[in-house]
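Structural description and commentary
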Amino acid sequence: MYLHIINYAVRIIIIILGIIMVSGIITPPRENAEFFTIMGVVFILFGLYRLVLYRFKSQRYDFSSGNIISKDDEDKEEENDKQ
């Protein structure tokens, strides 16, 4: 449970950092502002990608039981039990 919270928090922090970089709240001294904006966009896209990917992976696998069991594996086991 705590691992899910930490994973979501880190990904959201990456997105927020990207938004801060794009908005110009933090600007580097003596650096190219365009580069900082591009890095902000990359952070936002990377954070969103990781957030969506983690969401799909957590739905596909059962992490709550302590065993990493694919939902597909559970369906196959149920079909075998019925036969």
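Chains are numbered independently. Their residues run from 1 in the order of the written sequence. Local features in a predicted model are, by the rule used here, given only for residues with pLDDT of at least 70; side-chain atom pairs are given and counted only at 80 or more, and totals for whole chains, interfaces and linings are based on all residues. Neither water nor hydrogens contribute to the side-chain values; these are computed over all heavy atoms in the structure.

As for helix H2 (residues 33–60)
For H2, with 28 residues, the first-to-last C-alpha span of 41 Å sits near the 40 Å given by 1.5 Å per residue. Taken residue by residue, H2 has Phe36, Gly40, Ile44, Gly47, Tyr54 and Ser58 as its buried positions. Going along the chain from the N terminus, every DSSP run of H or I of four or more residues is numbered as a helix, and every run of E of two or more is numbered as a strand. One fewer than the residue count of a helix, multiplied by 1.5 Å, yields its expected span. Throughout, exposure labels follow a simple rule: accessible area from a 1.4 Å probe, protein chains only, divided by the maximum for the residue type, with under 20% read as buried, over 50% as exposed, and the rest as partly exposed.

Concerning the packing of aromatic side chains
Think of it this way: a Phe, Tyr or Trp ring, Trp meaning its six-membered ring, pairs with another when their centres are within 6.5 Å, and the plane angle makes it stacked under 30 degrees, edge-to-face over 60, tilted otherwise. Scanning the entire structure with this criterion turns up one aromatic pair. When the ring of Tyr8 is compared with that of Tyr54, the centres are 5.3 Å apart and the planes differ by 85°; the resulting orientation is edge-to-face. You can see Tyr8 sitting in helix H1 (residues 2–23) and its partner Tyr54 sitting in helix H2, a full 46 residues away along the chain. The class for Tyr8 is partly exposed, based on a relative accessible area of 25%. A relative accessible area of 13% means that Tyr54 is categorised as buried.

Brief notes about the side chain of Arg11
Structurally, Arg11 is set in helix H1. Classification of Arg11 by relative accessible area gives buried; the value is 9%. A distance of 3.2 Å separates the side chain of Arg11 from the backbone oxygen of Arg50, its partner in a polar contact. Throughout, a residue-residue contact means that at least one pair of heavy atoms, one from each residue, lies within 4.5 Å. Excluding its chain neighbours within four sequence positions, the residues that come into contact with Arg11 are Gly47, Arg50, Leu51 and Tyr54. Polar contact criterion, stated in full: a pair of N or O atoms within 3.5 Å, where within protein one must be able to donate a hydrogen and the other to accept it, and residues adjacent in sequence count only if both atoms are side-chain atoms.

Notes on the side chain of Asn7
Its location among the elements puts Asn7 in helix H1. Among the polar contacts listed, one links the side chain of Asn7 to the side chain of Tyr54, at a separation of 3.2 Å.

Points about a nonpolar patch on the surface
What goes into a patch is any residue over 30% in relative accessible area without a salt bridge, connected to like charges within 9 Å or, for nonpolar side chains (Val, Leu, Ile, Met, Phe, Trp, Tyr), within 5 Å. Note on areas: these come from Shrake-Rupley sampling with a 1.4 Å probe, and a residue is covered only by the protein chains present in the view. Salt bridges are defined as contacts in which a side-chain nitrogen from Lys or Arg sits within 4 Å of a carboxyl oxygen from Asp or Glu. Nonpolar side chains collect at one region of the surface, where Met1, Tyr2, Ile5, Ile6 and Val10 lie side by side and expose about 610 Å² of accessible area between them. With relative accessibility at 48%, the residue Ile5 sits in the partly exposed group.

What about H1?
Since the α-helix advances by 3.6 residues per turn, residues separated by three or four positions end up pointing in the same direction. For H1, spanning 22 residues, the distance from its first C-alpha to its last is 31 Å, which sits close to the expected 32 Å at 1.5 Å a residue. What H1 keeps buried is the set Asn7, Arg11, Ile15, Gly18 and Met21. Angularly, the buried residues of H1 cover 125° about the axis, an arc narrow enough to put them on a single face. In H1, the exposed positions angled more than 90 degrees off the buried face are occupied by Tyr2, Ile6 and Ile13. Taken from the residues just after H1, Gly24 is the one with a positive phi, measuring 90°. Note: the arc covers the axis-to-C-beta directions of the helix.

Comments concerning the environment of Leu48
With respect to the helices, strands and loops of the structure, Leu48 is situated in helix H2. The spacing of Leu48 and Ile12 is 36 residues in sequence and 8.2 Å in space, taken between C-alpha atoms.

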